[in-house]
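Spelled out, the chains give:
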Amino acid sequence: MRKILLSFALIILLFSCSTFTSTEGPEWTRTTPHPSGAAAFVGNGTGTDDSSARASAYMNILEKLGTELGYDVVSPYYRELLSTDSIASLSARITNTYSAPVNEGVTYYAMLEMPEDVYYSSRSEEYSAAIERTEKIGQLLESAMENYRENKDTATLLSILQALELSLSGDVNNADYAPELLLDRALGYLGNIGISIEDGSKGTEVSVRMRRMKGLMHPYIVDGLVEVRYMMVNGDGEPIESSVVMRTDRDGMAEFFRTNPYMLWSGALRFSPYIPPELLTSIASKAPEGFIDPLLSLLEESTVEYRYRDEGELSPSDTIIAVAEYGEDGLQLEITAAYNAFASYLASSSASGYRVVSGEGEEESEVISSLMSLYPNLDNYILLRVGIVDSESGAGRVYARAEARLSFYRNGEEEPYLVRDLIVIGGGSTEEEAGETALKRAGSAGAGMFLSVL
């Protein structure tokens, strides 16, 4: 009988050691559980006895809870939790405890549970925003990696820059999402994107290829966004930069056709990976000064140029251009503000081969007849007539309105085959200054119109 009892005791001892020991504790002390509909927090502490160890564990629970809620909960709730094992205003209570001897003291574990809806509603707005921001950044980075695996490198870059913008918008709960680290990632992907002008590009058609610069096969970039920037003239004939965004096919190819009639007839096409300007502006506005300079510099380094030059339909050797200027009374002026502006515009646009002269005559028919007589046997006669038609004063300034007419004639014809009209406003401290400013603007606008027709 004694042997049987000893054997039974030995079995119990072996079973206890295999499933639970005082040094290991129950499973919830090692891995915080996730009860359905509740948030759980496990704290631990040590002390010389159960009472001091328990107080330390409860303090640890509140510190963890405060970190999750985003504000201090030790000060308002420590005494209540220690006294009642609960926090009434949070509907929170201690649901499990465990203690065990350790060294010459006691280690104590306690688990606090509170309803999930109370937990979420109790978090500070700042902390909730940080959690949401961190989750969105994580999703963007996952999307970036998925796009990268599919060779969609510009989509990868865009997602990382969107993540960077979010990280600059407020606190995040992941040190790996720091703005400096995300900027480094963006620089790595941008520097890995290469654009090349393809052989055979000529005339109005330019083909480019986008590919990854690293890796054994240098894969083509699929659905890559390529921005093309070029100079053109606006409705007033002023030079402005314009751009379009192209998308590469599965072979990394994209084609640009120079079909915009207002493009300058000589210039450069600049191809670069596309980053939405509003995204860059937003990042710059949230970051310290100079933060995105490395990104902008690398974007410029990634840009490739294709220079073009069109001869135009009007040959400079067979074309003469006259500019005539008139005052508000309709009489021809001796000043040459419009003429100078017109000629200067052509020169700055690499179109200095065209001859520009001052036109003589009150009526258009007189000017064009005189021009054909002075320069016979040419194919093309262009006439820009500019006149001040009105002026007004206000707030210590004078404003003059000028109207211009650009007419295209062929040799021997009395009527123009093409006419362009425009209106400009010029300001100044005097009527004379305002008029001269208006004439200059009309001259530049007329030159821009002339180039757009080419």
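Before reading on, note that the structure itself is shown above.
Since the model is a prediction, treat every value here as computed from it, not as a measurement. (Residues numbered from 1 in each chain as written. Predicted model: local features only at pLDDT ≥ 70, side-chain atom pairs only at ≥ 80, totals over all residues. Heavy atoms only, no water.)

## Brief notes about the packing of aromatic side chains
Phase 1 of the analysis: Scanning all chains against the criterion turns up nine aromatic pairs.
Phase 2 of the analysis: Each ring, one from Y148 and one from Y189, has its centre 5.1 Å from the other, and the planes form 70°; the classification is edge-to-face. Residue Y148 is located in helix 5 (residues 125-149), and its partner Y189 is located in helix 7 (residues 179-190); the two are separated by 41 residues in the primary sequence.
Phase 3 of the analysis: Residue Y148 is classed as partly exposed on the basis of its relative accessible area, which comes to 23%.
Phase 4 of the analysis: Summarising the aromatic geometry, the rings of F342 and F450 are spaced 6.3 Å apart at their centres and angled 45° between planes, so their arrangement reads as tilted. Of this pair, F342 sits in helix 10 (residues 337-348) while F450 sits in helix 12 (residues 431-453), and the two are 108 residues apart along the sequence. (Phe/Tyr/Trp six-rings, centres within 6.5 Å; stacked < 30°, edge-to-face > 60°. Helix = DSSP H or I, 4+ residues; strand = E, 2+ residues; numbered from the N terminus. Buried < 20%, exposed > 50% of the residue type's maximum accessible area, 1.4 Å probe, protein only.)

## Section: the packing of helix 5 against helix 7
Phase 1 of the analysis: Between helix 5 and helix 7, whose axes approach to 14 Å, the crossing angle comes to 15°. Put simply, helix 5 runs roughly parallel to helix 7. The element helix 5 and its partner helix 7 pack so that their crossing is left-handed. Residues L141, M145 and Y148 of helix 5 lie in contact with helix 7, whose contacting residues are L182, R185 and Y189.
Phase 2 of the analysis: Of the residues assigned to the contact of helix 5 with helix 7, the class counts are five nonpolar, no polar and one charged. (Axes fitted to C-alpha atoms, helices over the stretch in contact; angles between N-to-C directions. Parallel < 35°, antiparallel > 145°, perpendicular 65-115°, else oblique. Left-handed = near helix turned anticlockwise from the far one by under 90°. Contact = heavy atoms within 4.5 Å. Nonpolar A, V, L, I, M, F, W, Y, C, P; charged D, E, K, R; others polar.)

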